[in-house]
Amino acid sequence: MSTSVQEQRLRRRFDMWDKNGDGTIDRSDWEGEAKRILLAFGETESSPKGRALTDAYLGMWDHLAGQAGVGHDGALGFDQFSAVAGEQVLDRGQAGFDQVLRPTISAIADLCDTDGDGHVSPQEFQRWIVAIGSNESTAGTAFKLIDTDGDGQLSVDELIAAVHRYHSGELEFSLL
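Residues numbered from 1 in each chain as written. Predicted model: local features only at pLDDT ≥ 70, side-chain atom pairs only at ≥ 80, totals over all residues. Heavy atoms only, no water.

An unreviewed UniProt entry annotates the chain as Calcium-binding protein originating from Streptomyces chartreusis NRRL 3882.

Below, the structure is given as structure tokens:
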């Protein structure tokens, strides 16, 4: 995949987190996304699922911010974010995705799984997509692309693979 495609995809994610448009992302931006997702599912921050999601998002922030050298309360500009995301996630392949993203994707999948069957249904997936600020009209198509085993539900492994495929240029839809 070309560097420009990777930068473009990281830029899209960066801009989705940078809700106040100040050109930086910080811990509050990541916490804000967790809160938006919780709100979309009617879950409180203090519930077990709410705490797990918030902890996962903030853990991902703390890891990346620490690796970038800005610390817990610092902020990242796009260039810093792009460099640390590349180094900690993209350049490390599946190991990077598993270490940095799996806890967050697992917590989101658990939250989305409102019927408790251990998978994310098309309806549950659509609520997630809306909560993270993606276009609701793309949810059905994205679901079919992510559901690689064709069973009509998404597993954590399929969701992580989808994020990996997105950043490797194989998929046009982003989850994180």
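Back to the text.
Before going further, it helps to examine the UniProt feature "domain: EF-hand" (unreviewed entry) in the chain. According to UniProt, the "domain: EF-hand" (unreviewed entry) feature falls on residues 5-40 and 134-169. Across residues 5-40, the secondary structure splits into 75% helix and 8% strand, with the terminal C-alpha atoms separated by 30 Å. The span residues 134-169 is 56% helical and 0% strand by assignment, and the distance between its end C-alpha atoms comes to 18 Å. (UniProt positions renumbered as here; feature names shortened; annotations may be inferred. Helix = DSSP H or I, 4+ residues; strand = E, 2+ residues; numbered from the N terminus.)

This paragraph deals with the packing of aromatic side chains. Applying the stated criterion across every chain, the model contains 7 aromatic pairs. Arranged with centres 5.9 Å apart and planes meeting at 90 degrees, the rings of Trp17 and Phe81 form a pair that is edge-to-face. Of the two residues, Trp17 is situated in helix 1 (residues 3-17) and Phe81 in helix 4 (residues 78-90); the sequence distance between them amounts to 64 residues. Overall, the relative accessible area of 3% leaves Phe81 in the buried class. In this structure an aromatic cluster arises from ring pairing among Phe14, Trp17, Trp30, Trp61, Phe78 and Phe81. The residue whose ring lies beneath Arg9 is Tyr166, and the NZ or CZ to ring-centre distance is 4.5 Å. Above the ring of Phe78, the side-chain terminus of Arg11 is found at 4.0 Å from the ring centroid. (Phe/Tyr/Trp six-rings, centres within 6.5 Å; stacked < 30°, edge-to-face > 60°. Buried < 20%, exposed > 50% of the residue type's maximum accessible area, 1.4 Å probe, protein only. Lys NZ or Arg CZ within 6 Å of the ring centre and 35° of its normal.)

Structurally, the position occupied by Gly152 is in the loop between helix 7 (139-146) and helix 8 (156-167). Put simply, Gly152 and Val120 are 32 residues apart on the chain and 8.9 Å apart in space, counted from C-alpha to C-alpha. In this structure, Gly152 is in contact with Pro122, Phe143 and Asp147, ignoring residues within four places of it in sequence. (Contact = heavy atoms within 4.5 Å.)

Two side chains with opposite charge may pair up if their charged atoms get near one another. Going through the model one piece at a time under the given rule, you end up with 6 salt bridges. One salt bridge connects Asp55 with Arg51, and the closest N-O pair in it is separated by 3.0 Å. Of this pair, Asp55 and Arg51 both sit in helix 3 (residues 48-68), 4 residues apart, which is roughly one turn of that helix. According to the relative accessible area criterion, Arg51 is partly exposed, its value standing at 36%. Residue Arg102 pairs with Asp98 through a salt bridge whose shortest N-O separation is 3.3 Å. Linking Arg102 with Asp98, this pair stays in helix 5 (residues 94-112), spanning 4 residues, or about one helical turn. Assessed through its relative accessible area of 29%, Asp98 is described here as partly exposed. One salt-bridge network, held together by shared partners, links Asp98, Arg102 and Asp157. (Salt bridge = Lys/Arg side-chain N within 4 Å of Asp/Glu carboxyl O.)

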